[in-house]
Structure formats: structure tokens, C-alpha cells
Amino acid sequence: MYDYIVVGAGFAGSVIAERLASQLNKKVLVVDKRNHIGGNAYDFYDENGILIHKYGPHIFHTNSEKVFNYLSNFTEWNYYEHRVLASVDGKLIPMPINRLTVNSIFGLSLSNDEVEDFFSKIKINIDKIENSKDIIVSKIGIELYEKIFKGYTKKQWDLYPEELNPSVCARIPIRFNDDDRYFSDKYQVMPKHGYSKMFESLLSHPNISILLKEDYKKIINDIKFNKLIYTGPIDDFFDLSYGKLPYRSLKFKFENYKKEIYQPVATINYPNSYDFTRVTEFKHLTNQTAESTTIVREYSSSIGDPYYPIPREENDELYSKYKELSLKLKSVHFIGRLATYKYYNMDQVVAQALTLFEKIAKGDF
Ligand code: FAD
Ligand code: UDP
């Protein structure tokens, strides 16, 4: 007899399981259909001894002291600031766009203030920002938008920026100074011994049992439990009763090179050339030293595991219908990127799980 079944051993499932087991002494069964814990943040050593991320590069960053302190109970950290270049017009330019990007693309030598002036001259005034194209051209004009955002977005989503909510391209800041870090958050760190080790620690409480390689639907009727916490795709939970909710998938192509370093920074984005969106070299992220190096190329795809909710109005409307159904179920809670159909980073999922736990602990649920 379990107090809770948690479907999914990713960040959402593992954090809520840990809190329920350690703080409320609940007996928890965590079920995942994959053969490992960690969800999309799972990492492992490949056949060349390089620590790689099976589902694409995962860089931890957060402004939340609460999330950082919580996870620090389960891992030590390496400091790591992610840097990205984009291959544009045959040159490698800093991403996000900053002073150096502008000077490199337009062959100028503007100061910080002059860059701000430059943007104010080329930006397009838009009364109501309705989509991801509006948000970008209203800050930096059409030329940089076309060189950096249009092609990358089409490749990644098979949609143009005007077909996506503003929040998608707004993830990328626009800077006037020389800051070339991909993220601006207060905490930018990587788990010192990898994500999977951190998940092992999160799930190590004796009140937690783990069942892998099992779809919860196949076993749910054979197990006695009180409540369910679900972190998989919300449309699957309801057997697609309102139709399929679109998620974007990716194919990953890993390659090992018998040299120490493959590229100058962790990630290079390819907005306009090749079929892949970006190439990431893991050793930059993990700080590992080794004689060879492994990279991953990401190719987006409409088929495969669901990785990204697709933020656009029609999908939000369909999700709302599923959410309405979910709210009627008093003994099932939905958290995580797939179950709440939100383009969340890892820290946001952790925060969401901690908030659910607080509500359960207070007796609100
Ligand atoms: P998941 O990790 O997807 O876990 C859900 C789990 O549920 C899965 O393991 C799945 O197998 C299981 N499941 C589903 N259905 C069933 C079922 N029927 N029965 C049993 N089990 C089931 N975030 C960052 O903060 N920084 C990054 O750099 C970053 N990079 C990313 C790169 C890529 C390519 C992707 C795809 C995501 C990235 N993210 C990043 C986002 C991050 O992966 C998510 O925020 C986080 O992993 C979501 O955790 P989750 O627990 O909600 O979902
Ligand atoms: N984006 C872009 N060009 C880039 C980087 C990002 O057009 O060089 C857009 C694209 O639509 C992408 C979104 O911004 O999907 C968010 O980028 P991010 O790097 O946050 O994507 P993730 O790491 O979540 O795949």
C-alpha cells in the first residue's frame, strides 16, 4: 500500500517524491517507463568515458535561492557560465546579441551607448506585441531578426516566429554591453558529479520505491495507493480525449572526436545553415578532462519523445480543456513541463514541485 504513486522520475517527480517521503513520512512509489531516473536531465558516461546528456545539453541556472538551496542538499556544484556563439554570414558571433555581435555583423565599432542608439533607430515600433517576431523586431529590427531568429525558429519548431507566443524568443535577452553569458541568473552551476548522481541522492530515501521500464497505466490497477502525482504528457493521461496536444521532439546525433577540444565554446547555434539547430560539446559543461571529446547535434522533429510544449494560442486553448478535466480529479495532481504544458526550465519545475509540496503539507490538497 502506497500513500502516493508518482508517475515520472524527472525533476518534477523526484522532487515531490523526496519531499513527501522525507518530510511527511509518506510511502511513495515512483514509476517511469524509461530504464533510468532523471527524466530528460539524465546523464551517463558514453563508451569513450565522456559524461553526456542523453536528451540534449542541460545547463542549470536559477534566480531562486530556495531552489538552489534545496538542490544543494543532494549535490555539490561546479560553477559554470554557459557561452554560445552563432554561425552567421560565415562568422561566429556572440549569442545572445550584445555589443560585439552588432559590431561584428555590421562592421562597426559602437560603444555601449551607441549600440542602444543604434537599436532605437533600427527597431520597429509595434503597438501590441502578439508573437515572437513582434517581440524581436520591436527591440532589434528586421535584419538581425532575419539573420538570427527566423531560420533557427523555423528549424526548431517548424513554425515561423510569428506563429509562436512572444515568450519563446523572449527567452533570449538583448544586451548593449559585452556580457556574453547565455544566462543572466544569479546561480549558474552544474551538479559536480552529474545529474544522475543528484537524482540517485534525491530518490534514496527508504520510503521511496522505484519501478522503471513500466508504463503506469499497465500497473495502476494492481497497486493499492491513495493519491497520484502525474508528470507525463497531460493529453496521454486523458487518453487524448480532446485530441493530441502537440509537443516538439528532437533527434540527437552524438559524435566522439579523438582530440581534446572540438569547438571554442560549449554551444554553437546554426540559424541558417545545416539541418541541425546547434552543436554542443559536453566537456565545456561538465569540466571533464579527457583525451577525446563528445559533441551532440540536435535535429528537431515532429515525431519522437515529447520534449517541448509548443507555446501558441491554439495549443494553450487545447491545454486549458485538459487542465479543466485535471482540476476535477481531487486525488491526482499534475506537475512538470509535460503535465502542465509549460516551456519550463529545470529550476521552474523544481519550484513548481516544491509549491505543490507546501500545499499538500498545509493540508490544502
Ligand atoms: P521529464 O524530465 O520529461 O520527466 C517526465 C518523466 O515521465 C519521463 O522520464 C517520462 O519517461 C515519464 N513518463 C511519461 N509518461 C509516463 C507513463 N505513462 N508511465 C511512466 N512514466 C512516464 N532546462 C534547463 O533548466 N536548462 C537547460 O539547459 C535545458 N536544456 C534542455 C534541452 C533539451 C533538449 C530539452 C528537451 C529540455 C531542456 N531543459 C532545460 C528543460 C528540462 O529538460 C525540463 O525542465 C525538465 O527536465 C522537466 O522535468 P519534468 O520532470 O517536468 O519532465
Ligand atoms: N532562438 C533563435 N536563435 C538562436 C537561439 C534561440 O531563434 O540562436 C529562438 C528559438 O525560437 C528558440 C528560442 O529562441 O527555440 C529559445 O531558445 P533557447 O536557447 O532558450 O532554447 P532551448 O535551449 O530551450 O532549446
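Please read these numbers as outputs of a predicted model, since none were measured by experiment. (Residues numbered from 1 in each chain as written. Chains lettered and ligands numbered in written order. Predicted model: local features only at pLDDT ≥ 70, side-chain atom pairs only at ≥ 80, totals over all residues. Heavy atoms only, no water.)

Student: Sorry if this is basic, but what is going on with the nonpolar core here?
Tutor: Most often, soluble globular proteins have nonpolar side chains that are buried together. By size, the foremost hydrophobic cluster in this structure holds 106 residues, and its most contacted members are Phe11 and Ile97. Ranked by residues supplied to this core, first place goes to helix 5 (residues 132-157) with nine residues. Those residues within four positions of Phe11 in sequence are excluded, and the remaining contacts are Ala41, Leu71, Tyr195, Met198, Phe199, Met346, Val349 and Val350. Formed by seven residues, the second largest nonpolar core is a distinct cluster that contains Val265, Ile268, Val279 and Ile295. (Core = buried A, V, L, I, M, F, W, Y, C linked by side-chain atoms within 4.5 Å. Buried < 20%, exposed > 50% of the residue type's maximum accessible area, 1.4 Å probe, protein only. Helix = DSSP H or I, 4+ residues; strand = E, 2+ residues; numbered from the N terminus. Contact = heavy atoms within 4.5 Å.)

Student: Looking at this structure, how should I read the site of ligand 2?
Tutor: In the region of ligand 2, 16 residues are neighbours, and Thr153, Arg171, Tyr182, Tyr308 and Tyr343 sit closest. Note that an oxygen atom of ligand 2 is positioned 2.9 Å from one of the side-chain N or O atoms of Trp157. The contact in question runs from an oxygen atom of ligand 2 to an N or O atom on the side chain of Tyr308, over 2.5 Å. Surface burial for ligand 2 is 94%, taken as the share of its 530 Å² of free accessible area covered by protein chains. Elements with a minimum of two residues in the shell around ligand 2: helix 5 and helix 6 (166-169). The element best represented in the shell around ligand 2 is helix 5, accounting for six residues. Looking at the shell around ligand 2 residue by residue, the classes come out as 11 nonpolar, three polar and two charged. (Near = heavy atom within 4 Å. Polar contact = N/O pair within 3.5 Å; in protein donor to acceptor, adjacent residues only side chain to side chain. Areas by Shrake-Rupley, 256 points an atom, 1.4 Å probe, with all protein chains shown as cover. Nonpolar A, V, L, I, M, F, W, Y, C, P; charged D, E, K, R; others polar.)

Student: Is there a simple way to explain the site of ligand 1 in this structure?
Tutor: Around ligand 1, 31 residues are found, and the nearest of them are Asp32, His58, Ile59, Tyr344 and Met346. Separating an oxygen atom of ligand 1 from a side-chain N or O atom of Asp32 is a distance of 2.7 Å. In the model, a nitrogen atom of ligand 1 is placed 3.0 Å from a nitrogen or oxygen of the Asp215 side chain. Against a free-state accessible area of 990 Å², the protein chains account for coverage of 96% of ligand 1.

Student: Got a minute to help me understand the sheet that holds strand 5 (residues 60-62) in this structure?
Tutor: Neighbouring strands of a sheet are bound in pairs by backbone hydrogen bonds; such pairs are parallel or else antiparallel. Read from one edge to the other, the open sheet built from three strands follows the order 5-9-6, with strand pairing classed as antiparallel. Where the open sheet ends on each side, the last strands, each with one partner, are strand 5 and strand 6 (77-79). Looking at each pair of strands side by side, their axes are set apart by 40° on average, direction ignored. In this sheet, strand 9 (residues 187-191) lies alongside strand 6 in antiparallel orientation, the contact comprising three bridges. Residue pairing across strands places Tyr79 opposite Val189, the latter belonging to strand 9. (Pairing = 2+ DSSP bridges. Axes fitted to C-alpha atoms, helices over the stretch in contact; angles between N-to-C directions.)

Student: What exactly am I supposed to notice about the packing of helix 1 (residues 11-24) against helix 7 (residues 195-202) here?
Tutor: Relative placement of two packed helices is described by the angle separating their axes and the distance separating the axes. At a minimum axis distance of 9 Å, the contact between helix 1 and helix 7 shows a crossing angle of 30°. One element, helix 1, and the other, helix 7, form an angle in the roughly parallel class. For the pair helix 1 and helix 7, the contacting residues are Phe11, Ser14 and Glu18 in the first and Tyr195, Met198, Phe199 and Leu202 in the second. (Parallel < 35°, antiparallel > 145°, perpendicular 65-115°, else oblique.)

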